[in-house]
Each structure stands twice: as structure tokens, then as C-alpha cells.
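Per-entry structural report
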Amino acid sequence: MSGSVHRRTGRLQSGGDRRIIRGEVSSLSNQVLIFDTTLRDGEQSPGVRLAMSEKLEVGHALVDIGVDIIEAGFPISSPGDFESVNTLARELKGVTICGLTRARAKDIDVAAEALEPAERRRIHTGLGVSDNHLQHKLRMTRDQALEAGVAAVKHARQYTDDIEYFMEDSGRADRDYVYRVVENIIAAGATTINVPDTTGYTIPMEYFDMIRGIIEHVPNSDKAVFSCHCHNDLGMATANTLAGVQAGARQVEVTVNGIGERAGNTSLEEVVVALKIRQDRFGLDTSVDTKKLLHLSKMVSRLTGMIVQRNKAVVGANAYAHSSGIHQDGVLKERSTYEIIDPTLVGAEKSEIILTARSGRHGLKHRLTELGFSFTEDRFERIYEAFLRVADTKSEVDEEDLRELVR
Ligand code: KIV
Ligand code: ZN
């Protein structure tokens, strides 16, 4: 089944949804925009600092894989960040470059200057909306914060008509206040509304409900694209993001390998591959070339020094590896018995059969055949018994062990 999610009912429909993007009304029927923030929110991971040349390497890879928007940094935060945004804006073509700002005129002026050379530029400004942030961090009333947000959007509009507004900590905010902010911010000229679950607090049904609530209750909601920005504190960033998309959001904010503050952000590869594998459910596309995902994941891991856990969905070293006899027997007969993702979809060579004490005859025979050996049934039985003895002493029986066994 293909089609878009109806803006008010959430049901899949075959026609297009009319939305505003970069100041023009365009049909985003089946397209989810990929907003990559690896170089901004991702780089906020404790212990990560990328050099300019490394940011350029990642930036080129992001363009190559086909993301729509790259958040390159927070220009006013330091001269280094200004330079990064400015360099990426100059060097990267065919993509929108975005700079983050607080809702302050000076921040916006500096971001606009950094973004000046970009083919397409976006200013991402905003302010907290939860009472927690308003009281403890911003020390503002709701009305004061809304006024500052509207003024920031109007100020930013003099530089570009592609304005995104983030409502920090939306996940814990009062819903009626959020609706009021969205309505006024769109009226002021924002074209994308970011609904961040900054603290990773929400659960999928709740996040769905928030996006759906905004779309249904805000009278001018058809004039903006809604964006999911989720953090992973409760391990639900990807699930929340996908729930937001089901509710009608058409932009997702993601990082490669899910890196970011604390437990990280929604991971690019998980969302893109989930939308692809569950096309039947979402009926949506992205412009990402999935075959380059593994390469990108390895690059970001190498440059940031952040190791990808072996069992990480989609790009982990074990994501296409099978070690138990029952599973090996199944995948060797028919891959789809235990694999929903064809490893070549993300650029991995093939599934792997890992030999352990839980492996069976089918797996062992397969690996020996791959190494060019063939045996009579009798001889194979003896090798299998020897294999089990070795396997009980180690976590994995590797190629060297197999050759030794045969000898
Ligand atoms: O998590 C968050 O709220 C953010 C905003 C600054 C967009 O990263
Ligand atoms: Zn964030």
C-alpha cells in the first residue's frame, strides 16, 4: 500500500498532502525529509570534537547519501562553530544548510552571516515551551517566551524564508500552550515547526498524540511542515519519531548512529530503514540511498571515536550475524526466516554464520564448504564432534580454528 497520511484523520490516502516547504507550497505526499544533526546535536555527545576537515568529510558523505537538510552547527556558540557552518555552507552543494540559534537577534544575525554562502540556507531558532524550562532555565512567563519567539522568527525572515522553529521540551509542555505557540509562530513566518522531546520523556502514543493534536487543533497548521526531534533517554527515540511520522510529521531530525547528548538522538539509519522495510505500514519514502548507510556509520564511528554497539539495529556488527543452530539452519534454507533486512540494503556484503557452541551441523557444513572443504558423512560427523569440544572452550570458532580442526 502506498500513499500519504491524511492530515486530520491520519489514515493513509493516495493523494498528496499540501504543505509549505522553503516558502513554497509543495506536495509532500509520500516524502519524509531527512534533517541530519550529526554535526550539531550529534557533536554535543560528551567527549566528541570533530576537526574542520572531519566535519567536511561527514558533510560530503551526508550529501552523497541524500539527506535533505544538514544542521551544521550553532554559529554564535564559538568561532570554531561559526567557521564550520560557514565552510560547510560554502562547500556543500545540493542540500539545505541549517544553523541553530537561540531566539535572540544577535544569534540570528551571526547565523545568517555564517550561512551566507549556502545554496539553500535555513535558520533554526526557538525557545523552551515547558513550564519547567520557562521557570527554571529561561525565567520567563509563557507570554514573554511567545513574544520573544515571534520576534525571533520575524527577525530571521529578513535573511531567508526557510525558518524552522524549535519548541524545546515540547514533550513535557502544556498542550494548549504548545498550540498557541505553533499558531503564532507560523503566523510570524516559520515554515517548519520542530517538536522536540528534548529529555526523551515521551512514549510513542503520547508523541503521536502531540503531533496529531497540533495538526488538528492549530488552524494554520497546513502552512508548515512538522518535525520530529527525539532523544533516547528511555530508548524510545526511533519509536517516537516513527509515531510522529504516522501522526503526520514530514521531517525527522536524526544523527548517524544515534549519537548525541546523554543517550543520544534518533538514529538516521533506523528511521530510514524502518520506513523502507515497513513501507506497507507507512507508505512513505526518503531520499536516502540506503546502500551507503553502513559506510557512513563506520565513518562517523571512526571520526567521533564512538563505538557502535555490536547489537545496534541496522548497522551493528551482529545485525546480520546468526549463531544459534536453529537460526542458522533457517537462514541457510531461506534468508527471510530470521532476517527482515537484506544486508545488501545497507551496504553489508552478506549475512554471517558465526560458529559457536550453539551452532549446528548445517552452519558448520556451510562454513567448511565456504572454505573449500567437502567430506564424507562419516568424516564430517567426527569433525562436528571435535568442533563441539573446541566451541565449548571459546566464544567463537573462527576460520583458523576450522582449518586446524580439519587438519
Ligand atoms: O533537543 C532539543 O530540544 C534540541 C533543540 C535545540 C532543537 O536539540
Ligand atoms: Zn536535541
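Nothing here was measured: the structure is a model prediction, and the numbers come from that model.

The number of helices and strands found in the chain is 15 helices and 14 strands. Referenced to the eigenvectors of the C-alpha coordinate spread, the extents of the chain come out at roughly 80 × 45 × 40 Å. Classification of the 407 residues of the chain by burial places 54% in the buried group. Counted over contacts in the chain with a minimum sequence separation of 6, partners at least 24 positions apart contribute 72%. If you sum the accessible surface of the chain, you get close to 17500 Å²; carbon and sulfur atoms cover 49% of it. Separation of charge centres in the chain, based on 51 positive and 60 negative side chains, amounts to 2 Å.

Around the zinc ion (ligand 2), the protein contributes the donor atoms Asp41 (OD), His229 (NE2) and His231 (NE2), which lie 2.0 to 2.1 Å from the metal centre. Mapping the donors of the zinc ion (ligand 2) onto the primary sequence yields the spacing D-x187-H-x1-H. Accessibility expressed as a relative area gives 4% for His231, which makes it buried.

All right, on to the side chain of Arg40 then. Position of Arg40 relative to the elements: it lies in the loop between strand S5 (33–36) and helix H1 (52–65). Given a relative accessible area of 11%, Arg40 falls into the buried group. Here Arg40 is in contact with Glu71, Gly73, Phe74, Leu100 and His229, once residues within four sequence places are set aside.

For any pair of aromatic rings, the description rests on two quantities: the centre-to-centre distance and the angle between the ring planes. On inspection of all chains with the given rule, the structure shows 3 aromatic pairs. For the pair Phe373 and Phe375, a centre-to-centre distance of 6.0 Å together with 20 degrees between the ring planes defines the contact as stacked. Its relative accessible area of 23% is what places Phe373 among the partly exposed residues. Overall, Phe375 belongs to the partly exposed group, its relative accessible area being 22%. Aromatic pair Tyr384 and Phe387: ring centres 6.1 Å apart, planes at 25 degrees, arrangement stacked. Highlighted residues: Tyr384 and Phe387, both in helix H14 (residues 377–391), separated by 3 residues, approximately one helical turn. Considered together, Tyr384 and Phe387 belong to a single accessibility category, that of buried residues. An aromatic cluster is present here, built from Phe380, Tyr384 and Phe387 joined pairwise through their rings. Here the basic side chain of Lys365 rests over the ring of Phe380, its NZ or CZ set 4.7 Å away from the ring centre.

Our next topic: the site of ligand 1. Residues in close proximity to ligand 1 include Arg40, Asp41, His124, Phe166, Glu168, Asn194, Pro196, Thr198, His229 and His231, which together make up its full environment. Measuring from an oxygen atom of ligand 1, one finds a side-chain N or O atom of Thr198 at 2.7 Å. Within the side chain of His229, a nitrogen or oxygen atom sits 3.1 Å from an oxygen atom of ligand 1. Compared with its free state, where it exposes 270 Å², ligand 1 has 92% of that area covered by protein. When contributions to the shell around ligand 1 are tallied by element, the ones reaching two or more residues are strand S9 (163–168) and strand S10 (192–197). Residues belonging to the shell around ligand 1 are distributed by class as follows: 2 nonpolar, 5 polar and 3 charged.

Thresholds applied
- Residues numbered from 1 in each chain as written.
- Chains lettered and ligands numbered in written order.
- Predicted model: local features only at pLDDT ≥ 70, side-chain atom pairs only at ≥ 80, totals over all residues.
- Heavy atoms only, no water.
- Helix = DSSP H or I, 4+ residues; strand = E, 2+ residues; numbered from the N terminus.
- Buried < 20%, exposed > 50% of the residue type's maximum accessible area, 1.4 Å probe, protein only.
- Contact = heavy atoms within 4.5 Å.
- Areas by Shrake-Rupley, 256 points an atom, 1.4 Å probe, with all protein chains shown as cover.
- Lys, Arg positive; Asp, Glu negative; His and termini not counted.
- Charge placed at Lys NZ, Arg CZ, Asp CG, Glu CD.
- Donors = N, O, S within 2.8 Å, 3.2 Å for Na, K, Ca; no water.
- Phe/Tyr/Trp six-rings, centres within 6.5 Å; stacked < 30°, edge-to-face > 60°.
- Lys NZ or Arg CZ within 6 Å of the ring centre and 35° of its normal.
- Near = heavy atom within 4 Å.
- Polar contact = N/O pair within 3.5 Å; in protein donor to acceptor, adjacent residues only side chain to side chain.
- Nonpolar A, V, L, I, M, F, W, Y, C, P; charged D, E, K, R; others polar.

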